[in-house]
Amino acid sequence: MIVRPHQTHSVTTLLFAVKGSVVPIIWPRVLYTMLLSIAVVIAGRMGWAVHFALNAAPLTLLGLTLAIFLGFRNTVAYQRWWEGRTLWGDLVIATRNMARQTTSFLSSLPREQQRVLVYGLIGFTHALRHHLRGTDPAEDLRRWLPEDACHAVLASPHRPNALLGVLGRYCMDATREAGVDSILLAEMDHGLNQLSHVLGGCERIKGTPIPFTYILLLHRTVHAYCFVLPFCLIGPLGWLTPLAVGILAYTFFGLDAIGEQIEDPFDLLPNDLPLDALSRNIEINLRDLLGESDLPPPLEPKDYVLS
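Residues numbered from 1 in each chain as written. Predicted model: local features only at pLDDT ≥ 70, side-chain atom pairs only at ≥ 80, totals over all residues. Heavy atoms only, no water.

**Q** What should I look at first to understand the overall build of the protein chain in this one?
**A** Counting its secondary structure elements, the protein chain contains eleven helices and zero strands. In the protein chain, the succession of helices and strands from N to C terminus is α-α-α-α-α-α-α-α-α-α-α. For 307 residues, the compact-globule estimate of 2.2 N^0.38 gives 19 Å, and the protein chain exceeds it by more than 25% at 27 Å. If one aligns the C-alpha atoms of the protein chain with their principal axes, the spans along those axes are about 90 × 40 × 30 Å. Counting every position in the protein chain, which comprises 307 residues, the buried fraction comes to 42%. At a minimum sequence separation of 6, the contacts of the protein chain that also span at least 24 residues come to 76%. On the protein chain, roughly 16,200 Å² of surface is accessible, and the fraction owed to carbon and sulfur atoms is 64%. The distance from the centre of the 24 positive side-chain charges to the centre of the 27 negative ones in the protein chain is 7 Å. (Helix = DSSP H or I, 4+ residues; strand = E, 2+ residues; numbered from the N terminus. Rg over C-alpha atoms; globule rule 2.2 N^0.38 Å. Buried < 20%, exposed > 50% of the residue type's maximum accessible area, 1.4 Å probe, protein only. Contact = heavy atoms within 4.5 Å. Areas by Shrake-Rupley, 256 points an atom, 1.4 Å probe, with all protein chains shown as cover. Lys, Arg positive; Asp, Glu negative; His and termini not counted. Charge placed at Lys NZ, Arg CZ, Asp CG, Glu CD.)

Structure, rendered in structure tokens:
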């Protein structure tokens, strides 16, 4: 996720910042449309082609329709991005609550048993992050899980779900050993249900992309629109046609690229959610509830990108 201090939002930054913008993605497409515009203008001025400037009315109607469709697509993509952030916010709340219940209501347990349960919650956070990004969780899980639990989770085809099962058994054993009543066990089970809800919600977003047919229609319409732009603008603008075409192409190709970037909020693109930073914050919060002092620092943006 792009993180810039508010005071850096100067006119220069807003106009020329490249990091976090869609310029590195769309510049070949914008350049292509501008080169096409230059070729159309030269051909028209040199008499190499018959003058066939199009009426601007159809282009205006098509542009308005295209803008509405792009706006709708980007709204849907942002809703997916925001729902992903909401689910990870719920994860923060649920893990804090379970860690607090462990240290407060199961205080009679040995410190090591409390640590195993709380570390298991941290392990679930890392397992979920790797599950959504398709990366290997082995190194992180070995840090936070006992050897037998880690081996069992890594052997499962669905690591976060297997870890939820391990956490359920931990909670059952801990409440029985501490001699607490079934009400607390029900509360801790509710916390595990919240973790399962977060897992299922994230998988729903990850496994259900925006329908390809809709994306394909938008891509083709944007390219067709930018292709006919110079033929409609050459009459009134002349040599300024490439500049106008470049600005319009930047707008439409940019809107298309933004929706494509945030459609999957759990990826590693600059504008995706900072799952590494969120996982580190959960680790800090839970270890602090355990009373540990050797806490790692929060992750900071690197070149304005918080991963």
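Having seen it, we continue.
**Q** Would you explain the environment of Asp136 in this entry?
**A** Mapped onto the secondary structure, Asp136 falls in the loop between helix H4 (111-133) and helix H5 (138-144). Expressed as a C-alpha distance, the spacing of Asp136 and Leu154, which sit 18 residues apart in the sequence, is 9.5 Å. Within the local environment of Asp136, its side chain forms a polar contact with the backbone nitrogen of Ala138, the two atoms lying 3.1 Å apart. (Polar contact = N/O pair within 3.5 Å; in protein donor to acceptor, adjacent residues only side chain to side chain.)

**Q** Would you explain the pattern of salt bridges in this entry?
**A** Between side chains of opposite charge, a pair can form when the charged atoms approach closely. Applying the stated rule across the entire model yields 13 salt bridges. Two residues, Asp276 and Arg133, come together in a salt bridge whose shortest N-O distance is 3.3 Å. Linking Asp276 in helix H11 (residues 275-289) with Arg133 in helix H4, this pair joins segments that are 143 residues apart in sequence. When its relative accessible area of 16% is taken as the criterion, Arg133 is described as buried. The salt bridge partner of Glu283 is Arg287, with a shortest N-O separation of 3.7 Å. Of this pair, Glu283 and Arg287 both sit in helix H11, separated by four residues, roughly a single helical turn. Here Glu283 and Arg287 have matching classes, each one buried. Residues joined in a network through salt bridges with shared partners are Glu112, Arg115, Arg129, Arg133, Asp140, Arg143, Asp276, Glu283, Arg287, Glu292 and Asp294. (Salt bridge = Lys/Arg side-chain N within 4 Å of Asp/Glu carboxyl O.)

**Q** Explanation requested: the environment of Pro297 in the structure shown.
**A** Mapped onto the fold, Pro297 is located in the segment after H11. Each C-alpha atom of the pair Pro297 and Arg280 lies 8.3 Å from the other, and the pair is 17 residues apart in sequence. In this structure, Pro297 is in contact with Arg280 and Ile284, ignoring residues within four places of it in sequence.

**Q** Teacher, can you tell me more about the packing of aromatic side chains here?
**A** The relative placement of two aromatic rings is captured by the distance of their centres and the angle of their planes. Tallied over the entire structure, the rule returns six aromatic pairs. For the ring pair Phe72 and Tyr214, a centre distance of 6.1 Å and an interplane angle of 80 degrees mean the geometry is edge-to-face. Residue Phe72 is found in helix H3 (residues 56-105), and its partner Tyr214 is found in helix H9 (residues 212-237); the two are separated by 142 residues along the sequence. Where Tyr225 meets Phe252, the ring centres are 5.0 Å apart and the plane angle is 65 degrees; that geometry is what we call edge-to-face. Here Tyr225 is found in helix H9, whereas its partner Phe252 is found in helix H10 (residues 241-262), with 27 residues between them in sequence. The exposure class of Tyr225 is buried, given its relative accessible area of 6%. Judged by relative accessible area, Phe252 falls into the buried class, the value being 8%. Here a set of aromatic residues connected by ring pairs shows up, and it is made of Tyr78, Trp81 and Trp82. (Phe/Tyr/Trp six-rings, centres within 6.5 Å; stacked < 30°, edge-to-face > 60°.)

**Q** What's the story with the environment of Trp88 in this structure? I'm lost.
**A** Structurally, Trp88 can be placed in helix H3. Using a relative accessible area of 0% as the deciding quantity, one classes Trp88 as buried. Separated by 107 residues in sequence, Trp88 and Leu195 place their C-alpha atoms 9.8 Å apart.

**Q** Explanation requested: the nonpolar core in the structure shown.
**A** The nonpolar side chains of a soluble globular protein tend to be buried, and buried together. Counting residues in each nonpolar core, the largest one holds 53 residues, and the members touching the most others are Trp88, Phe124 and Leu195. Residue contacts for Leu195: discarding those within four places in its chain leaves Leu91, Ala94, Thr95, Met98, Leu121, Phe124, Leu164 and Leu167. By size, the runner-up hydrophobic cluster in this structure holds 18 residues, among which are Leu70, Leu218, Leu233 and Phe252. (Core = buried A, V, L, I, M, F, W, Y, C linked by side-chain atoms within 4.5 Å.)

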